[in-house]
Structures are given as structure tokens and as C-alpha cells.
Amino acid sequence: MEKQTVIVIGAGQMGSGIAQVFAQAGWHVYLNDLQTELIERGLAAIRKNLAHQVEKQKLSSEERDAVLSRLTPSTSLEDAAGAEMVVEAATENMKVKKEIFKQLSGIAPKDVVLATNTSSLPITELAAVTDRPENVIGMHFMNPVPVMKLVEIVRGLVTSDQVYEKVYDTAAALGKTAVEVNDFPGFVSNRVLMPMINEAVYTLYEGVATKEAIDEVMKLGMNHPMGPLTLADFIGLDTCLYIMETLHEGFGDDKYRPCPLLRKYVNAGWLGRKTGRGFYTYE
């Protein structure tokens, strides 16, 4: 497909990863965030990832430089006016995302796809704040984006077939495998994954086993590449809590009630790898 321009809104772990895969696929990318420092942090993560690929001889230094040349820092949503596609990857908060999509309605051209990388929030509700709900769609990448192949494509109530097909084709052009899912809390990935993580936290909370034992059971007994508590630290405990709250509120079922220990760690600021402490301690 013809390479175009995309604006990725949010330069955090997910946003920078999404920007990287678009740039590696030949797209020009605006990497947008509120502050220059946040964008620089995202670009530094991309440079680090690309350097690893060069070291492993998966990428030449010339290809690395070409990828980096396609990345443009952006602190203004006005840059969406020059993009053929928008991928929002801001913090997992409906109020924040709605404000972004309201602004995009007055900036982005009418035929532009407005995709969100939300991991659990309803696409239909987000689309309703725009003047073009048929153009809004979920494009949920997995973390780490440059490595993981899956993209969940989530249709809202009125998402058009044309928009779905464009996003499906785009995912394929990025080297990803797209799977269509319906607009339910948590979609498929987090509706299945997060209750498992939450139950692992409950087994720790209730003293069933140590964190190391819980992770070993799932790695060696269930052949998971990473234990659920280690995975929670990698994802971010605040993100895990927010998704469990979304599931609990969305379904009204107490089987999705977040474990009090998870909430306690988040309140303490123990958010996992990104803060140096979660269920485990990191240097």
C-alpha cells in the first residue's frame, strides 16, 4: 500500500513503539505529546530499539538512519491536519481520550481514520464525541509493539467497512496480524489476561504462595513465557488496575473486582518496572 503520513498521539511506551513500526514500514510519522521532554524520551527508546536491531544485524545502519529520518517531533495536535491517519496512544483514561478526539474533529481532514490504541475502553463511547463516528476504530497493539505480531481491530457501533478495511490493510503492511473483535470491555486480550493477573495477585494476597512460586507455576506448568506477576510489573500495575476497574464497571460482575493488594501497590506508587518497584524490585 502507498506509504503516507500518520500522527501518533502519545510518546510513551506504546506510542513510541507504534511510531517505530510505522516509520520502519516507510511512513512519515509525527510523534506527538504535550511536552518536548516526553517526545525526546520516546525517541530515545526508539533509537535504543533500533540500535539493538543493528547489533543483531537485523537492520543496517543506513536503514536505521532512514527510519529515524521519518520521525518528526510534534507538540501540537494541529499536525493532524497533514496526516492521512491518526493513532491515539495517550494514557488509558476516557476523559483524556475524549478531549483529544473532540479536538481532532476540528483539525483532521474528514476522510482520515481516527484510531485509538485503547486496551479496554469502549470505542463507541469515544466515537460519539466526534463529528465522524464512522471513522473511529480501535487499533490495539500489543506490548512491546515492535516485537508482538497481534493487533486487535475493534469496530465501534457505526465504524464503516471502508475504515475497517483500511486499518486491516495497514496492520498487514506493518507486518502485524489483525484480528477483528467486537466492542466489549477489555475486548478479547485484556478480558482474558487481566482477570488471570488479578487472580495471581489474589493468590499472593491470600498467602497461597510466594510471588516467585506463583510465577514459576505459570511458567513451568502452563508454559507461559513470563509469570503473571512479572508480566503485571512489565505492563504497569496502574494500567492493570484501570483495566480491571473498566471490566468491573462495564460488566457489573464481582468476578472482575480488583484485588485490594493491587490497589494498595498502586496507591503506594509501586507501579512496576517503570517506577523501579512493583511485585518485584528493579534496578
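The numbers attached to residues start from 1 for each chain and follow its sequence in the written order. For this predicted model, a pLDDT threshold of at least 70 governs which residues receive local features, and a threshold of 80 or more governs which side-chain atom pairs are given and counted, while totals over whole chains, interfaces and linings are taken from all residues. No hydrogens and no water enter the side-chain calculation; it runs on all heavy atoms of the structure.

As annotated in an unreviewed UniProt entry, the protein chain is 3-hydroxybutyryl-CoA dehydrogenase from Weizmannia acidilactici. Listed under Sequence similarities (unreviewed entry) in UniProt, the entry text for the protein chain is "Belongs to the 3-hydroxyacyl-CoA dehydrogenase family." UniProt positions are given in the numbering used here, feature names are shortened, and annotations may be inferred rather than shown by experiment. Quoted verbatim from the Pathway (unreviewed entry) heading of the UniProt record, the comment on the protein chain is "Lipid metabolism; butanoate metabolism."

Caption draft 1: Quick peek at the pattern of salt bridges. For this document, the term salt bridge refers to a Lys or Arg side-chain nitrogen within 4 Å of an Asp or Glu carboxyl oxygen. Summed over the entire model, instances satisfying the criterion amount to 13 salt bridges. With a closest N to O distance of 2.9 Å, Lys98 and Glu125 form a salt bridge. Linking Lys98 in helix H4 (residues 94-105) with Glu125 in helix H5 (residues 123-127), this pair joins segments that are 27 residues apart in sequence. Judged by its relative accessible area of 23%, Lys98 is partly exposed. Burial classification: accessible surface area is computed with a 1.4 Å probe over protein chains only, and a residue below 20% of its type maximum counts as buried, one above 50% as exposed, and the rest as partly exposed. We classify Glu125 as partly exposed; its relative accessible area is 37%. Numbering goes from the N terminus for both helices and strands, where a helix is a DSSP run of H or I of at least four residues and a strand is a run of E of at least two.

Caption draft 2: Here's a closer look at the sheet that holds strand E4 (residues 85-88). We call two strands paired when DSSP finds no fewer than two bridges between them. Pairing within the open sheet is mixed, and its eight strands lie in the order E3-E2-E1-E4-E5-E6-E7-E8. On the outer flanks of this sheet lie strand E3 (71-74) and strand E8 (177-181), each paired with one strand and no other. The average undirected angle you get between the axes of adjacent strands in this sheet is 25°. Bridge count between strand E6 (residues 136-141) and strand E7 (residues 150-155): five bridges; the pairing is antiparallel. Residue pairing across strands places Met139 opposite Ile153, the latter belonging to E7. Only the contacting stretch of a helix is used when fitting its axis, a line to C-alpha atoms as for every element, and angles between N-to-C directions run 0 to 180 degrees.

Caption draft 3: Up close: the domain arrangement of the protein chain. According to the domain assignment, the protein chain consists of domain 1 (5-182) and domain 2 (190-273). Note: domain ranges come from an automatic or database domain assignment. Taking the mean C-alpha position of each, domain 1 and domain 2 sit 27 Å from one another. The criterion used for residue contact is that any of the two residues' heavy atoms lie within 4.5 Å. Of the residues lining the interface, 10 residues belong to domain 1; the matching set on domain 2 comes to five residues. Summed over both partners, the interface of domain 1 with domain 2 comes to about 620 Å²; 54% of that surface belongs to carbon and sulfur atoms. Defined in terms of a 1.4 Å probe, buried area is the accessible area two parts forfeit on being brought together, summed over both. Broken down residue by residue, the surface that domain 1 buries against domain 2 is led by Glu92, Ser119 and Ser120, which jointly contribute 49%.

Caption draft 4: Molecular detail of the side chain of Glu92. Looking at the secondary structure, you find Glu92 in the loop between E4 and H4. For Glu92, a relative accessible area of 15% puts it in the buried group. A distance of 2.8 Å separates the side chain of Glu92 from the side chain of Thr118, its partner in a polar contact. Counting of polar contacts relies on pairs of N or O atoms within 3.5 Å, with two restrictions inside protein: one atom must be capable of donating a hydrogen and the other of accepting it, and residues adjacent in sequence are counted only when both atoms are side-chain atoms. At 3.0 Å, the side chain of Glu92 forms a polar contact with the side chain of Ser120.

Caption draft 5: Region of interest: the packing of aromatic side chains. Ring pairs shown here join Phe, Tyr and Trp side chains whose ring centres sit within 6.5 Å, with only the six-membered ring taken for Trp; geometry is labelled stacked below 30 degrees between planes, edge-to-face above 60, and tilted in between. The full count for this structure, using the stated rule, is six aromatic pairs. Where Tyr164 meets Tyr168, the ring centres are 6.0 Å apart and the plane angle is 40°; that geometry is what we call tilted. Pair noted here: Tyr164 and Tyr168 are both in helix H6 (residues 161-173), with a separation of four residues, about one helical turn. Taking the relative accessible area as the measure of exposure, Tyr164 reaches 12% and is therefore buried. Taken together, the ring pairs in this structure connect Tyr265, Trp270 and Phe279 into an aromatic cluster. Lysine NZ or arginine CZ positioned within 6 Å of the ring centre and within 35 degrees of the ring normal marks a charge as sitting over the ring. The residue whose ring lies beneath Lys211 is Tyr280, and the NZ or CZ to ring-centre distance is 5.6 Å. A cation over a ring is seen here: Arg277 above Trp270, with NZ or CZ 3.7 Å from the ring centre.

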